[in-house]
Amino acid sequence: MTDTQAATETFFVPLNKLDADPKNVRKTYGKEGIAEMAATIRADGYRILQNIVVRKGEKRGRFFVTAGGRRLAALNLLAEAGEIAKDYPIECKERSGSDATEISLIENTSREAMHPVDEYEAFRVLADGGKAVEDIAARFGTTETMVRKRLALARVSPVLLNLYRNEEMSFQQLSAFTVSDDHAKQVEVWNSLPSWNRDGRSIKSALQSEAMKANDKRIRFIGGIDVYETAGGAVKRDLFDEQNSGYALDVALVERLVVEKLEAEAEKLRADGWKWVECVYEFPQEAHYMSRVYPKDVPMTDEQQAELDRLEGEYAELAELIEAGVADDEAEIRADAIRAKMAELADTGEVYDPDDLAKAGCYVLMDYHGRLSVEHGLIHPDEEQDESADGTDESSEPVPPRSEPQPEPSFSLSAALVQELTAQKTAAIRAELAHNPEVALAAVIHAMLASLFHPYGSTDETCLEVKLTSEKLETSIKNPATCKGIVTMDDLRENYGHTIPGNPHDLWEWCLEQPSATLLDLLAYAAAKSVNALQLGHYERRKQRVHADRLAQALKIDMTQWFERPPRIISGASAKAGSNRL
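Residues numbered from 1 in each chain as written. Predicted model: local features only at pLDDT ≥ 70, side-chain atom pairs only at ≥ 80, totals over all residues. Heavy atoms only, no water.

1. Digging into the overall build of the protein chain
(1) Moving on: Along the backbone of the protein chain there are 25 helices and 14 strands.
(2) Moving on: By residue count, 35% of the 582 residues in the protein chain fall in the buried class.
(3) Moving on: Across the protein chain, the fraction of contacts at a sequence separation of at least 24, relative to all contacts at a separation of at least 6, is 71%.
(4) Moving on: Of the roughly 35,600 Å² that the protein chain leaves accessible, carbon and sulfur atoms contribute 52%. (Helix = DSSP H or I, 4+ residues; strand = E, 2+ residues; numbered from the N terminus. Buried < 20%, exposed > 50% of the residue type's maximum accessible area, 1.4 Å probe, protein only. Contact = heavy atoms within 4.5 Å. Areas by Shrake-Rupley, 256 points an atom, 1.4 Å probe, with all protein chains shown as cover.)

Structural data, given as structure tokens:
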């Protein structure tokens, strides 16, 4: 028998004369898969739709199964159950032994799973013909749940099914549309959502929500229910609602208005010169690990500096008069006005360097509270790689390395004084952070992710000690009883001590019962207790204190508000700048 003949002619071999081929590349078969195959063979009258390919065995009259190992295992399972005879005749095709491995490899790697929409249409034909879900599952060797999931696609618009066939949407997106039978609404929702916000949750939300409360964060984001109503959205109002705020009935319209506001802000940022600007539903996880550029302080003009000098002189004269007790009744009011003007002049704002704009970008999103949020200055990893690879200019000459900026000369403080000042600052940051759950949450997540994805050196990147080891600051402060930060944290500890269970075994269940607001407050307190911006004589903690400065900026800390008796203040601007450098 030639190979050409063997490829077309078939013959029958008793089941108990068929053996697994040692040249078959697939050695392992799942029990569930064999059971499913057996169910398929049983449903079709114990016939196999595709013939088994065999080669002659080592003993006369026996054959090795080169292609069809799973079918052979399923047939043996049926024989063991007594459903077919052990010598049940199996239709086979014969190929030479030299081709066995190649044939086995082709069969096991070239198969492609049936397209979900094709499965749905096949199941629907059987269902329309009166087949029960159980019978369809048995016929195809699959589960009833899978059959029901495929039949549920009947609820989806044919327009969307075609988009999925053309790989223009994912199966997760397609499945989300099964929550509604309204094909027109489905298409409207798909077209109204931007490509970056077409996840399953957004699709289901737009289809399922018949009404959206006026205090929903998306309504707040677009400017209120009146803005939605002006755009043509229908509103349902409760006559017994004193505020008469109502419910938005067109969720798709609300989503579109949200997108329009985000895109409007994105256009402004693009006009500012950022390399890229993307609108996102939530801050991407990978963005937490991107490098970042930061704005620089805008220097004062000569006119502003001259005006600040004049005001400082005037303020000094008034201060002397007030101190001597010879000032008039209006002196303190004028002094306050001068101090406010000095602070206004000192706050010149910040601006990004044009070179940073050319390599960095922004994410535009709606935050948890329904406010517009922009994350500036993020650099994609591929942009950093391009910069590191670009070691030559257009003339192919090496680019000389940039010289490190020399530090400006500055006076040095004693180690004892620096330790006390940094302890004071640590206490202030703790006290402020304890009252700012949002910043505390971000700080804790940052520290956790740093240790999770970057275990080596992660402790150098954060001033939070999230293992909740808490540095004792009292030993670094001459008079800790007068430190406002320490007093504030002690008061919080006493308050929480009255509510938290004394038995640690009861703490977990207690936490599960608490509302989110209580847990967020406790999270802020715990994060605050872990802050350590202390500089010691033997350990400067330089990188951690850099992060502490950034944390202090996020909290908008003014150290003049936290010292009981602040040291000599040169000016409002100088004091604030100096406090952030400790």
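2. Let's talk about the nonpolar core
(1) Moving on: Membership of the largest hydrophobic core comes to 46 residues, with the highest contact counts inside it found for Leu160, Met169, Leu174, Phe177, Tyr228 and Val364.
(2) Moving on: When residues in this core are grouped by element, the largest group, nine residues, is from helix H14 (residues 251-272).
(3) Moving on: By size, the runner-up hydrophobic cluster in this structure holds 27 residues, among which are Ala524, Leu555, Ile557 and Met559. (Core = buried A, V, L, I, M, F, W, Y, C linked by side-chain atoms within 4.5 Å.)

3. Some words on the packing of helix H5 (residues 116-128) against helix H8 (residues 158-165)
The packing of two helices is summarised by the inter-axis angle and the distance between the axes.
(1) Moving on: Two elements in contact, H5 and H8, have axes separated by 9 Å at closest approach and are oriented at 135 degrees. Here H8 runs oblique to H5, going by the angle between their axes. Across the interface between the two elements, Pro116, Val117, Asp118, Tyr120 and Glu121 from H5 touch Leu161, Tyr164 and Arg165 from H8.
(2) Moving on: Here the residues of the contact of H5 with H8 sort into five nonpolar, no polar and three charged. (Axes fitted to C-alpha atoms, helices over the stretch in contact; angles between N-to-C directions. Parallel < 35°, antiparallel > 145°, perpendicular 65-115°, else oblique. Nonpolar A, V, L, I, M, F, W, Y, C, P; charged D, E, K, R; others polar.)

4. What about the pairing of strand S3 (residues 52-56)?
(1) Moving on: Counting buried positions along S3 yields four of five residues, so the element is predominantly enclosed.
(2) Moving on: As paired elements, S3 and strand S4 (residues 63-67) share four bridges and run antiparallel to each other. Considered in S4, the bridge of valine 54 is made with valine 65.
(3) Moving on: Connecting S3 to the antiparallel partner S4 that follows it, the hairpin turn spans six residues, and glycine 61 within it adopts a positive phi of roughly 85 degrees. (Pairing = 2+ DSSP bridges.)

5. A short note on empty space enclosed by the protein
It is the rolling of a water-molecule-sized probe over the atoms that shows where space remains empty.
(1) Moving on: With the rule as written, the count across this model stands at one cavity of 30 Å³ or more.
(2) Moving on: Considering only enclosed or pocket space, the largest cavity measures out at about 50 Å³ in volume.
(3) Moving on: Residue lining of the largest cavity: Trp196, Asn197, Arg218, Glu255, Val258, Leu262, Val280, Tyr281 and Met366, and that is the complete set.
(4) Moving on: In terms of residues, the lining of the largest cavity owes the most to one element, H14, which gives three residues. (1 Å grid on protein atoms, 1.4 Å probe; cavity = no way out; pocket = protein on both sides within 12 Å on 5 of 7 lines; lining within 4 Å. Points joined across faces, edges and corners; volume = space filled by probe spheres on them.)

6. Structural notes on the pairing of strand S14 (residues 372-379)
(1) Moving on: Both strand S10 (residues 291-292) and S14 contribute to a ladder of two bridges, which runs antiparallel. The residue of S14 that forms the bridge with arginine 292 is leucine 378.
(2) Moving on: In this structure, strand S13 (residues 361-366) lies alongside S14, joined through five bridges in antiparallel fashion. Bridging across to S14, methionine 366 finds its partner in leucine 372.

7. Quick word on the sheet that holds S10
(1) Moving on: As summarised here, the arrangement of the four strands in space is S9-S13-S14-S10, forming an open sheet in which the pairing is mixed. A strand with exactly one partner marks an edge of an open sheet, and here the two such strands are strand S9 (276-279) and S10.
(2) Moving on: Lying over the sheet, H14 contacts S9, S13 and S14, oriented at roughly 160 degrees with respect to S13.

8. As for helix H2 (residues 31-43)
(1) Moving on: The end-to-end C-alpha separation of H2 is 18 Å, in line with the 18 Å expected for 13 residues at 1.5 Å each.
(2) Moving on: All buried positions along H2 are accounted for by Gly33, Ile34, Met37, Ala38, Ala39, Thr40 and Ile41.
(3) Moving on: Glycine 45 occupies a position one or two residues after H2 and carries a positive phi of about 75 degrees. (Expected span 1.5 Å × (residues − 1).)

9. Examining helix H10 (residues 183-192)
(1) Moving on: Those residues of H10 that sit buried are Gln186, Val189, Trp190 and Ser192.
(2) Moving on: Its side-chain oxygen placed 3.2 Å from the backbone nitrogen of alanine 184, aspartate 182 serves as the N-cap of H10. (Polar contact = N/O pair within 3.5 Å; in protein donor to acceptor, adjacent residues only side chain to side chain.)

10. A look at a negative patch on the surface
(1) Moving on: Residues Asp297, Glu344, Asp347 and Glu350 make up a contiguous surface patch of negative charge.
(2) Moving on: Assignment of secondary structure puts aspartate 297 in strand S11 (residues 296-297).
(3) Moving on: Looking at aspartate 297, the relative accessible area reads 60%, which means it is exposed. (Patch = residues over 30% accessible without salt bridge, like charges linked within 9 Å, V, L, I, M, F, W, Y side chains within 5 Å. Salt bridge = Lys/Arg side-chain N within 4 Å of Asp/Glu carboxyl O. Lys, Arg positive; Asp, Glu negative; His and termini not counted. Charge placed at Lys NZ, Arg CZ, Asp CG, Glu CD.)

11. Comments concerning the packing of aromatic side chains
(1) Moving on: Under the counting rule described, the total for this entry stands at six aromatic pairs.
(2) Moving on: Relative to tyrosine 363, the ring of tryptophan 276 has its centre 5.1 Å away and its plane inclined at 65 degrees; by these criteria the two rings are edge-to-face. With tryptophan 276 in strand S9 and tyrosine 363 in strand S13, this pair connects stretches of sequence that are 87 residues apart.
(3) Moving on: Of the residues examined, tryptophan 276 reaches a relative accessible area of 12% and is grouped as buried.
(4) Moving on: Looking at tyrosine 363, the relative accessible area reads 3%, which means it is buried.
(5) Moving on: Among the aromatic residues, ring-to-ring pairing joins Trp276, Phe283 and Tyr363 into one connected group.
(6) Moving on: Positioned above the aromatic ring of phenylalanine 221, the side-chain terminus of lysine 261 is 4.7 Å from the ring centre. (Phe/Tyr/Trp six-rings, centres within 6.5 Å; stacked < 30°, edge-to-face > 60°. Lys NZ or Arg CZ within 6 Å of the ring centre and 35° of its normal.)

12. Re the side chain of serine 180
(1) Moving on: Turning to its location among the elements, serine 180 is positioned in the loop between helix H9 (171-176) and H10.
(2) Moving on: For serine 180, a relative accessible area of 11% gives the class buried.
(3) Moving on: A polar side-chain atom of serine 180 sits 3.1 Å from the main-chain amide nitrogen of aspartate 182.
(4) Moving on: Those residues in contact with serine 180 that lie beyond four places of it in its chain are Arg155, Gln186 and Leu207.

13. A few points about the sheet that holds strand S6 (residues 212-213)
(1) Moving on: Overall, antiparallel pairing links the three strands, which are arranged S6-S8-S7 in an open sheet. The open sheet terminates on both sides in strands that have one partner only, identified here as S6 and strand S7 (235-236).

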